[in-house]
Amino acid sequence: MARPRRVMAQVAMVMNLDKCIGCHTCSVTCKQTWTNRSGTEYVWFNNVETRPGQGYPRRYEDQDRWKGGWKLSHGRLVPRSGGRARRLARLFSNPELPSVDDYYEPWTYDYATLTEAPLGDDVPTAPPRSLIDGRRMAVTGGPNWDDDLGGGPEHTAADPVLEKIGDEVRLEYEQAFMFYLPRICEHCLNPSCVAVCPSGAMYKRIEDGIVLVDQDRCRGWRMCVSGCPYKKVYFNHRTGKAEKCTFCYPRIEAGQPTVCSETCVGRLRYLGVMLYDADRVGEAASVEDEKDLYEAQLSCFLDPHDPEVARAAEESGVPHDWITAARRSPVRALICDHRVALPLHPEYRTMPMVWYVPPLSPVVDALTRSGHDGEEPAALFGAIDSLRIPLSYLAELFTAGDPAPVEAALCRLAAMRSHMRRVNLGEERDPALARAVGMDQE
Ligand code: SF4
Ligand code: SF4
């Protein structure tokens, strides 16, 4: 490869979604460490969303809500022009902010609803109620609320579902799906929060790519709140300043993992260092077709084992320790070598650096059709036709709607699962499976 001119290091995270149980330990430990104080009650630097679901803040993925907004210019997201007067008006009014309802205002659960609520025939569909300032009020949901809104057939009191269950109805329930999506700030390579800050308070650290807010420079414009498509900057209404996930930089500097990684019950958060070509980022963020953005971002990452890359990194000021860390990085292996990790909403064009291993979940019904382990046909034939979670749904999340990279990642995961099951059970290895996961030389 041509020698890159400017090599930079970036801390990154990969989360394996098959392992998340939605326990919120990560959110609670993060909150206790970083936002356990006045003005940040509604703030979750780390949150865990139920999918399908509305997310936090509610409907943050509905980018039409924040329109009027931002446009891409030379690979960077900038406010739409529309004249100085309009720009100034926007600066002062900044209408594209989520409301506190969207963030789930903190509430105390009204336990009386457990004992006094009338018997019902259905799963809850009305908004939950709670006691706020002593008044019983409807609230807009909260963590795990979307768990209760899963699919299934409609039924009425006169036609109880238990009496109705036949094969067709059962199939509808069996096809319902749900999984958890933990989220932190993406510490993007092309952060729109930095691009839109009028005070120069938002910045991306040169040494490790962590995106931070300089509290002394922040003037509380909140353009970063509306400008972040992931809605991961928050306004502290006590201090009048913006705040966000810091990737636990004091811990990273001391060689420790982030709080959410260390306390994660599912052990699903991998941390590591990536080297990237800083001169390619703008071009990659500007590729015309959204479906090319995943590959475009991949093309920014560099192989730290390549002596040319290592030399260019040293000349660019990347410390030797960080180059070594990049070589050992599990994040790089999952993203670049095995290609099982994918970016969240690459179509936002900010080049996010928290990637996800998509949930394979149980592969349904292949066992009965083929007589094989349900995952093996998928692994060997490179296509999965019996997924519980629809491929199209995962593609909307991770590859701007292109199903091919998601399917390829799931097939690799299926192959690894089948191969390791054979190894652990002491069964005869299947050479094709071993080859599919690159373990045929063992
Ligand atoms: Fe900025 Fe949002 Fe990207 Fe975080 S996720 S770096 S707040 S644009
Ligand atoms: Fe998921 Fe881990 Fe957070 Fe629990 S602690 S919700 S398993 S990411």
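Residues numbered from 1 in each chain as written. Chains lettered and ligands numbered in written order. Predicted model: local features only at pLDDT ≥ 70, side-chain atom pairs only at ≥ 80, totals over all residues.

A.B. asks: Residues and numbers for the nonpolar core, please.
C.D. replies: Grouped together as the largest cluster of nonpolar side chains are 101 residues, with contacts concentrated most on Val14, Cys193, Cys224, Leu275, Val331, Ala341 and Tyr356. The contact partners of Val14, leaving out residues within four places of it in the chain, are Tyr270, Val331, Leu334, Ile335, Ala341, Trp355, Tyr356 and Val357. (Core = buried A, V, L, I, M, F, W, Y, C linked by C-beta atoms within 7 Å. Buried ≥ 20, exposed ≤ 12 C-beta atoms within 10 Å, placed from the backbone. Contact = placed C-beta atoms within 7 Å.)

A.B. asks: Give me the lowdown on the site of ligand 1, citing residues and values where you can.
C.D. replies: Inspection of the region around ligand 1 gives 14 residues, with Cys185, Glu186, Cys188, Cys193 and Cys228 positioned closest. In terms of residue class, the shell around ligand 1 is built from 8 nonpolar, 3 polar and 3 charged. (Near = placed C-beta within 6 Å. Nonpolar A, V, L, I, M, F, W, Y, C, P; charged D, E, K, R; others polar.)

A.B. asks: Which residues make up unusual backbone geometry, and what values go with them?
C.D. replies: With an omega dihedral of -5°, the bond running from Arg51 to Pro52 counts as a cis peptide bond. In this structure, Pro52 sits in the loop between strand 2 (47–51) and strand 3 (70–73). With an omega of -5°, the peptide bond between Tyr56 and Pro57 qualifies as cis. Here the phi dihedral of Arg59 falls at roughly 60°; this positive angle occurs in a residue that is not glycine. (Helix = DSSP H or I, 4+ residues; strand = E, 2+ residues; numbered from the N terminus.)

A.B. asks: For helix 14 (residues 330–337), give the residues involved together with the corresponding values.
C.D. replies: Listed as buried for helix 14 are Val331, Arg332, Leu334 and Ile335. Along the axis of helix 14, the buried residues cluster in a sector spanning 165°; they form a single face. Where helix 14 is buried, its residues contact strand 1 (7–16), strand 13 (269–277), helix 13 (320–327) and strand 15 (354–357). Positive phi appears at Arg339, one or two residues downstream of helix 14, with a value of about 55°. (Arc of directions from axis to C-beta.)

A.B. asks: I'd love a proper account of the packing of helix 17 (residues 391–398) against helix 18 (residues 403–425), names of residues and values included.
C.D. replies: Axes are the key here: two packed helices are described by the angle between their axes and the distance separating the axes. Closest axis-to-axis distance for the helix 17/helix 18 pair is 8 Å, and the angle between their directions is 110°. It follows that helix 17 is roughly perpendicular to helix 18 by the angle criterion. Across the interface between the two elements, Leu391, Ser392, Leu394, Ala395 and Phe398 from helix 17 touch Pro403, Val406 and Glu407 from helix 18. When grouped by side-chain class, the residues that make up the contact of helix 17 with helix 18 number 6 nonpolar, 1 polar and 1 charged. (Axes fitted to C-alpha atoms, helices over the stretch in contact; angles between N-to-C directions. Parallel < 35°, antiparallel > 145°, perpendicular 65-115°, else oblique.)

A.B. asks: How would you sum up the site of ligand 2? Please name residues and give values.
C.D. replies: Close contacts around ligand 2 come from 14 residues, with Cys20, Cys23, Cys26, Cys264 and Gly266 the closest. Of all elements in the fold, only helix 1 (25–34) and strand 8 (179–183) reach the threshold of two or more residues within the shell around ligand 2. In the shell around ligand 2, the residues fall into 10 nonpolar, 4 polar and no charged.

A.B. asks: Explain the environment of Asp101 to me, and be specific about the residues and the numbers.
C.D. replies: Mapping Asp101 onto the fold places it in the loop between helix 2 (84–93) and strand 5 (108–109). By the C-beta count within 10 Å, which is 12 here, Asp101 ends up exposed. The sequence separation of Asp101 and Leu268 amounts to 167 residues, and the corresponding C-alpha distance is 30 Å.

A.B. asks: Describe in detail the pairing of strand 12 (residues 241–244), supporting the description with residues and values.
C.D. replies: Judged by which residues are buried, strand 12 turns out to be covered on both faces: Lys241 and Glu243 on one side and Ala242 and Lys244 on the other are all buried. Linkage of strand 11 (residues 233–236) to strand 12, two consecutive antiparallel strands, is achieved through a turn of 4 residues, within which Gly240 is found at a positive phi near 75°. (Pairing = 2+ DSSP bridges.)

A.B. asks: So, helix 1: which residues are in play, and what are the values?
C.D. replies: Within helix 1 the residues assigned to the buried category are Cys26, Ser27, Cys30 and Lys31. In an axial view of helix 1, the angular spread of the buried residues amounts to 125°, which keeps them on one side of the axis. Along its buried surface, helix 1 packs onto strand 2, strand 8 and helix 9 (259–263).

A.B. asks: Go over the sheet that holds strand 14 (residues 342–343) with me, naming the residues and quoting the values.
C.D. replies: One open sheet accounts for 4 strands, arranged 13-1-15-14; its pairing is mixed. Two strands close off the open sheet at either side, each with one partner strand: strand 13 and strand 14. Sheet topology places strand 1 next to strand 13; 9 bridges connect them, and they run antiparallel. By the bridge assignment, Ala12 is partnered in strand 13 with Gly272. This element, helix 13, spans strand 1 and strand 13 of the sheet and lies at about 115° to strand 13. Of the strands in this sheet, strand 1, strand 13 and strand 15 are in contact with helix 14, which crosses strand 13 at around 65°.

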